[in-house]
Amino acid sequence: MSFSNIRREDASRAVIVHAILLTYTLVALYPIFLIVINAFKTRKGIFRDPMGLPNAETFSIEGFTKVLAKSNFELFFYNSFTVTIVTIVIVLLLASMAAWALSEYKFPGNTALALYLAIGIMVPIRLGSVSILNLIVDLGLVNTLTALVLVYVAQGLPLAIFILTEFMHQIPKDLKEAARCDGVGEFKIFFAIILPLIRPAVATVAVFTMIPIWNDLWFPLILAPGDGKQTITLGVQQFIGQYVTDWNAVLASLSLAIIPILILYLIFSRQLIRGLTSGAVK
Amino acid sequence: MAHSGPMTDWRKAKLPVIAFLAPATIIYTLFMIYPLLDSIRLSFYATPSGGEAAFVGLDNYRTILADPDWASVFWNSFWNNMKFFAVHMLVQNPIGIALAGILSLPQLRFRNTYRTMMIMPTMLSVVIVGFIWQLILSPVWGVGADLLDIVGLKSLFGPWLGKEASALITLSFISVWQWVGIPLMLIYAALLAIPDDLVDAAVVDGATHFEVFIHIKLPLVLPTVAMVSILTFVGNFNAFDLIYAVKGALAGPNFSTDIMGTLFYRTFFGYQLQLGNPHLGATVASLMFLIILGGVLFYLFAIQRRLARYQM
């Protein structure tokens, strides 16, 4: 076989590979794209030409004005942001502290405690919902964001501790020993030396913690379904249930929920993949 | 991964060690472990109307598993859940593995762009994904039929989500569409970790990329495939949001899309004329716990151990 034959074969193989990848990319993205473009159309435009881009004739933002007027989307966004950010900060702080203690200090029951804290990776916290609701009622926290934060922190800790412990094992011994020789206290070693070192892993853990919380329907539904404490996911669910026949409003509310996540994802996707491929998940 | 293990004796730093571990352990125990155990305890109690909760042994389990009204509902949701899981195993994971294999081909251009785009649906809320597909498949809008028309299959289009025979399968495929990103990401990461020299030797011997993938790479990432499978199992038997968003708590038509998660919700909170019952709800949750535990133990002891031996 001559070289030109090989090259031609390579080229045709590349065409097939890219055709497969492009097809699947289209399958993954087109439904999202379809919803977003139709959110910017008049009702007529949505039904007459669902696949066309909005043009001068069909462009309209009536759906968005309706959604913003009839429901409290700004508030739902605020609720989701608050719950997600507060949870991430608490999970990252508590999980890195625990992971540091588990990976650094020899104490009786170290392995047992690590296993105990790992149970939650495999067992879904939802199965405890009956008792969680009782607990939240007893604490007087029904319809509060605090209830959601407490549950989400418990939900996020196991995987965060697991990933961070793996990561902390890789921190060079010399660094810690040098600090100890200089008489630096244990707290200061953690906060001044270790925390800055684990920043790349922290970013990965933050993304893994954030996505399920932002997207969750179950706990908002049972713990904080009203009183203006709905998260965006529950807010959209309730709104669409109410305006199911108003296509403009439904499409606009979906787009409002999709667009911020897409922007965040495009910003953080590199971090997410890097975390995965650098051995965070084995 | 080989670790050197913890290095520092804690007796030199008792206070810091306790301070580092206590907050996480307390919140986790209080809001995760205690509710899980307490739910199991509650499943052994019942509250007669107007009375105090009393211990009833396995009565609730007998009701759910053997009472004619409850048992048919429970087993219906169980088998629906098995079908839901089967579609994920047979469609989602093979597609994820194939795409990961293609993406890890050497000298592939735009690999990062493809990967970023393909994973996008995984980032969206299940609720949003449910509504997106509900609109696209709606016969009122008709865009689903138009899309099928492009590939010449318009005649196949029907109100899939509304028919008893096709609703569950349709919802399973919607879920597959969303979650393909998980096997894709995890298996792609595992494929990247394979040392080049293992592959190079085969390439020099004239093996095609496909042969290299099937005979060398795939066997090496089997532990990840097994992990993806158990993650799929746990996720599927804990699913709720998609069915609830598209079909409501009644999981219609005629309970044909009812899975364990929606049954748990209805039993716990009630619906229409049936009152919610926390004790029966806790019983359903405990049964889900047993099913998930069974799957996880099977993975840990039957699959992972065997794979570990195979790898040596």
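Residues numbered from 1 in each chain as written. Chains lettered and ligands numbered in written order. Predicted model: local features only at pLDDT ≥ 70, side-chain atom pairs only at ≥ 80, totals over all residues.

### A short note on the overall build of chain A
Phase 1 of the analysis: Of the regular secondary structure elements, chain A holds 13 helices and one strand.
Phase 2 of the analysis: Counted from the first residue to the last, chain A has its helices and strands arranged as α-α-α-α-β-α-α-α-α-α-α-α-α-α.
Phase 3 of the analysis: Here the C-alpha radius of gyration of chain A, 24 Å, is well above what a compact globule of 282 residues would show, namely 19 Å.
Phase 4 of the analysis: Structurally, chain A occupies a C-alpha span of about 75 × 75 × 35 Å along its principal axes. (Helix = DSSP H or I, 4+ residues; strand = E, 2+ residues; numbered from the N terminus. Rg over C-alpha atoms; globule rule 2.2 N^0.38 Å.)

### Quick word on the confidence of the model for chain B
Interpreting fine coordinate detail is not advised for predicted regions of low pLDDT.
Residues and elements named next belong to chain B.
Phase 1 of the analysis: With 96% of its residues at a pLDDT of at least 70, chain B reaches an overall mean of 91.
Phase 2 of the analysis: By mean pLDDT, strand β1 (residues 8–9) is the weakest element of chain B at 82, and helix α7 (residues 167–179) is the strongest at 97.
Phase 3 of the analysis: The complex model carries a pTM of 0.91, and its ipTM stands at 0.89. (pLDDT = per-residue confidence, 0-100.)

### Focus on the interface of chain B and chain A
The accessible area lost on association of the parts is a frequent measure of interface size.
Phase 1 of the analysis: With 67 residues of chain B at the contact, the number on the chain A side is 72 residues.
Phase 2 of the analysis: With 15 residues, the top contributor of residues to the side of chain B that touches chain A is helix α1 (residues 14–42) of chain B.
Phase 3 of the analysis: Classifying every residue of the side of chain B that touches chain A by side-chain character gives 55 nonpolar, seven polar and five charged.
Phase 4 of the analysis: As paired strands, strand β1 (residues 105–106) of chain A and β1(B) are joined by two bridges and run parallel to one another. Within β1(B), the residue paired with K106(A) across the bridge is D9(B). (Contact = placed C-beta atoms within 7 Å. Nonpolar A, V, L, I, M, F, W, Y, C, P; charged D, E, K, R; others polar. Pairing = 2+ DSSP bridges.)

### Structural notes on the domain arrangement of chain A
Residues and elements named next belong to chain A.
Phase 1 of the analysis: Partitioning chain A into domains gives domain 1 (3–60) and domain 2 (66–280).
Phase 2 of the analysis: Each of domain 1 and domain 2 has a C-alpha centre, and the two are 34 Å apart.
Phase 3 of the analysis: Of the residues lining the interface, seven residues belong to domain 1; the matching set on domain 2 comes to seven residues.
Phase 4 of the analysis: At the level of elements, α1 (3–39) and α2 (43–48) are the ones that each hand at least two residues to the side of domain 1 that touches domain 2.
Phase 5 of the analysis: Per-element accounting of the side of domain 1 that touches domain 2 gives the leading share, five residues, to α1.
Phase 6 of the analysis: Taken together, the residues that form the side of domain 1 that touches domain 2 break down as five nonpolar, one polar and one charged. (Domains from an automatic or database assignment.)

### Focus on the packing of helix α4 (residues 73–104) of chain A against helix α7 (residues 145–168) of chain A
Residues and elements named next belong to chain A.
Phase 1 of the analysis: Where α4 meets α7, the axes come as close as 7 Å, and the angle between the chain directions of the two elements is 40°. Taken together, the axis directions place α4 and α7 in an arrangement best described as oblique. Handedness of the crossing formed by α4 with α7: right-handed.
Phase 2 of the analysis: Tallied by class, the residues present in the contact of α4 with α7 amount to 21 nonpolar, seven polar and no charged. (Axes fitted to C-alpha atoms, helices over the stretch in contact; angles between N-to-C directions. Parallel < 35°, antiparallel > 145°, perpendicular 65-115°, else oblique. Left-handed = near helix turned anticlockwise from the far one by under 90°.)

### Some remarks on the packing of α7(A) against helix α10 (residues 199–215) of chain A
All names here are of chain A.
Phase 1 of the analysis: Following both chains from N to C, one finds α7 and α10 inclined at 155°, their axes separated by 10 Å at the closest point. Put simply, α7 runs roughly antiparallel to α10. Crossing hand, α7 versus α10: right-handed. Residues Y152, G156, L159, A160, I163, L164 and F167 of α7 form the contact with α10, whose own contacting residues are A201, T204, V205, F208, T209 and I213.

### What to know about the environment of F208(A)
All names here are of chain A.
Phase 1 of the analysis: Of note, F208 is situated in helix α10.
Phase 2 of the analysis: Take F208: there are 19 C-beta atoms within 10 Å of it, and that puts it in the partly exposed class.
Phase 3 of the analysis: In this structure the C-alpha to C-alpha distance between F208 and I136, which are 72 residues apart in sequence, comes to 25 Å. (Buried ≥ 20, exposed ≤ 12 C-beta atoms within 10 Å, placed from the backbone.)

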